[in-house]
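Here are the chains, one letter per residue:
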Amino acid sequence: MTPTTFYASIMLAAGIGIPVLASLNARLGQHLGSPAAAGFILFIVALTSTAVVMMVTSGPSVLKLAPTAPKHLFMAGFLVTFYLLSITWIAPKFGVGNAVFFVLLGQMISAAAIDHWGLFGAQLSPLTFTRALGVGTMALGVWITQLGR
């Protein structure tokens, strides 16, 4: 397996996990009567899982570097919280598929902008006509999914 195929496979699995995560956490939020409580529980499980992976792969000493990181990089924590709480709250009302379709569309637009301008240290990859056509096709796909609602 080439590195590209390996990376693509891992990201495909992560993508498959997003609607599963949304479904499970939305149901937990309904069961608890609180999307925020479901998010809190999810983050405790995620923190524990991440701590285990960190201990196995790099050890706790790597945390000494955290205070030296540029402060804007910590915004990622707020963004994952926003995603998690919004999908947990909206999915039961809007449908998991609909919620994830719009998340996916937002990801495509944001990823294209980040790559085009090389934001946050990303590898520069200009938005070509073909890439823009792909994002537009996805937007059309999201619109088509809404027609049958």
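Located above this text is the structure these notes cover.
Residues numbered from 1 in each chain as written. Predicted model: local features only at pLDDT ≥ 70, side-chain atom pairs only at ≥ 80, totals over all residues. Heavy atoms only, no water.

**Q** Could you give an account of the packing of helix 1 (residues 3-32) against helix 2 (residues 35-57), with specific residues and numbers?
**A** A pair of packed helices is characterised by two quantities: the angle between their axes and the separation of those axes. Where helix 1 meets helix 2, the closest approach of the two axes is 7 Å, and the angle between their N-to-C directions is 125°. By the angle between their axes, helix 1 is oblique relative to helix 2. In the packing of helix 1 onto helix 2, the handedness of the crossing is right-handed. Residues Leu-21, Asn-25, Leu-28, Gly-29 and Leu-32 of helix 1 lie in contact with helix 2, whose contacting residues are Pro-35, Ala-37, Ala-38, Gly-39, Ile-41 and Leu-42. Its residues assigned to classes, the contact of helix 1 with helix 2 comprises eight nonpolar, three polar and no charged. (Axes fitted to C-alpha atoms, helices over the stretch in contact; angles between N-to-C directions. Helix = DSSP H or I, 4+ residues; strand = E, 2+ residues; numbered from the N terminus. Parallel < 35°, antiparallel > 145°, perpendicular 65-115°, else oblique. Left-handed = near helix turned anticlockwise from the far one by under 90°. Contact = heavy atoms within 4.5 Å. Nonpolar A, V, L, I, M, F, W, Y, C, P; charged D, E, K, R; others polar.)

**Q** Give me the lowdown on the pattern of salt bridges, citing residues and values where you can.
**A** A side chain with one charge can pair with a side chain of the opposite charge if their charged atoms come near. The tally for this structure, following the rule as stated, stands at one salt bridge. Residue Arg-131 pairs with Asp-115 through a salt bridge whose shortest N-O separation is 3.2 Å. With Arg-131 in helix 5 (residues 129-147) and Asp-115 in helix 4 (residues 96-117), this residue pair connects regions lying 16 residues apart in the sequence. (Salt bridge = Lys/Arg side-chain N within 4 Å of Asp/Glu carboxyl O.)

**Q** So what about the layout of surface pockets? Which residues, and what values?
**A** Put simply, the largest pocket is a space of about 300 Å³. As for the largest pocket, its lining consists of Ala-8, Met-11, Leu-12, Ala-14, Gly-15, Ile-16, Ile-18, Pro-19, Val-100, Val-103, Leu-104 and Gln-107. At the level of elements, helix 1 and helix 4 are the ones that each hand at least two residues to the lining of the largest pocket. It is helix 1 that contributes the most residues to the lining of the largest pocket, eight residues altogether. Taken together, the residues of the lining of the largest pocket sort by class into 10 nonpolar, two polar and no charged. Space inside the second largest pocket adds up to approximately 190 Å³. Lining the second largest pocket, in full, are Ile-18, Leu-21, Leu-42, Phe-43, Leu-79, Val-80, Tyr-83, Leu-84, Val-103 and Gln-107. Counting only elements with at least two residues in the lining of the second largest pocket, the list comes to helix 1, helix 2, helix 3 (75-94) and helix 4. The element that contributes the greatest number of residues to the lining of the second largest pocket is helix 3, accounting for four residues. Counted by class, the lining of the second largest pocket contains nine nonpolar, one polar and no charged residues. (1 Å grid on protein atoms, 1.4 Å probe; cavity = no way out; pocket = protein on both sides within 12 Å on 5 of 7 lines; lining within 4 Å. Points joined across faces, edges and corners; volume = space filled by probe spheres on them.)

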